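Chain by chain, the residues run as shown.
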Amino acid sequence: MDKELVAEWLKFADADIDTVLLLKEVRPQHREIICYHCAQAVEKYLKGFLVSREQIPPKIHDLTHLCNLCSEQDQDFTGILPKCSYLKQFGVQPRYPKEMNISDANVEKAIKYALAVRDFATIVNLKTELGKMIRDIL
């Protein structure tokens, strides 16, 4: 396993979560950007896991597909598949004006699901294993 690369993926995912929480606090009206960063965080957690399993993650944003690839390595990922499938809608479209009408309820659900993936036991265990390395990046 390329521990440094895995640590980078996870650190960048955590940075997206930090961005989500900060924007929610100081600029909650930027719903599209908040949801986009929720999807980005999950994408990076999934890709980091794949790298930890010696897989080259595909250059895609489809969280359902990425989660299915993770499930091939660890069946526990099937438990977060519905969350990934929900967040998939925010991966590309919210970056462009007038593409989506995102409600406050969508934002709350997106944040809840992104945090659930962040706190998913397999991701937490991987982060624990790489602890100091993750803290030293960035």
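Right above here is the structure, for reference.
Report on the accompanying structure.

Quick notes on the nonpolar core
Judged by nonpolar contacts, the single largest core of 40 residues is most densely connected at Leu46, Phe77 and Leu87. Put simply, the parts of the chain that give this core at least two residues each are helix H1 (3-26), helix H2 (31-52), helix H3 (63-73), helix H4 (81-87), helix H5 (104-118) and helix H6 (121-129). When residues of this core are assigned to their parent elements, the largest contribution, 11 residues, is made by H2. Apart from the residues within four sequence positions on either side, Leu46 is in contact with Leu63, Leu66, Cys67, Cys70, Phe77, Ile80 and Cys84.

Digging into the packing of H1 against H6
Relative placement of two packed helices is described by the angle separating their axes and the distance separating the axes. Following both chains from N to C, one finds H1 and H6 inclined at 120°, their axes separated by 10 Å at the closest point. It follows from the interaxial angle that H1 and H6 lie oblique. As for the relative orientation of H1 and H6, their crossing is left-handed in sense. Judged by residue contacts, Lys3, Val6, Leu10 and Asp14 of H1 engage Leu126, Lys127 and Glu129 from H6. Tallied by class, the residues present in the contact of H1 with H6 amount to 3 nonpolar, no polar and 4 charged.

Observations concerning the packing of aromatic side chains
Two descriptors summarise a pair of aromatic rings, namely the distance from one centre to the other and the angle between the planes of the rings. Under the counting rule described, the total for this entry stands at 4 aromatic pairs. Between Tyr86 and Phe90 the ring centres are 5.6 Å apart and the planes differ by 70°, which places this aromatic pair in the edge-to-face class. Seen in terms of ring centroids, Tyr86 and Tyr113 are 5.5 Å apart; in terms of plane orientation they differ by 80°. Their pairing is edge-to-face. You can see Tyr86 sitting in helix H4 and its partner Tyr113 sitting in helix H5, a full 27 residues away along the chain. The exposure classification of Tyr86 matches that of Tyr113, with both residues buried. In this structure, Lys83 packs its charged tip against the face of Tyr113, placed 5.2 Å from the ring centre. The ring centre of Tyr86 lies 4.4 Å from the NZ or CZ of Lys109, which sits over that ring.

Looking at the side chain of Ser52
Within the secondary structure, Ser52 sits in helix H2. Judged by relative accessible area, which is 10%, Ser52 ranks as buried. Here the side chain of Ser52 touches Phe49 through a polar contact of 2.5 Å, landing on its backbone oxygen. Other than its neighbours up to four places away in sequence, Ser52 contacts Met1, Val6 and Leu126.

Analysis parameters
Residues numbered from 1 in each chain as written. Predicted model: local features only at pLDDT ≥ 70, side-chain atom pairs only at ≥ 80, totals over all residues. Heavy atoms only, no water. Core = buried A, V, L, I, M, F, W, Y, C linked by side-chain atoms within 4.5 Å. Buried < 20%, exposed > 50% of the residue type's maximum accessible area, 1.4 Å probe, protein only. Helix = DSSP H or I, 4+ residues; strand = E, 2+ residues; numbered from the N terminus. Contact = heavy atoms within 4.5 Å. Axes fitted to C-alpha atoms, helices over the stretch in contact; angles between N-to-C directions. Parallel < 35°, antiparallel > 145°, perpendicular 65-115°, else oblique. Left-handed = near helix turned anticlockwise from the far one by under 90°. Nonpolar A, V, L, I, M, F, W, Y, C, P; charged D, E, K, R; others polar. Phe/Tyr/Trp six-rings, centres within 6.5 Å; stacked < 30°, edge-to-face > 60°. Lys NZ or Arg CZ within 6 Å of the ring centre and 35° of its normal. Polar contact = N/O pair within 3.5 Å; in protein donor to acceptor, adjacent residues only side chain to side chain.

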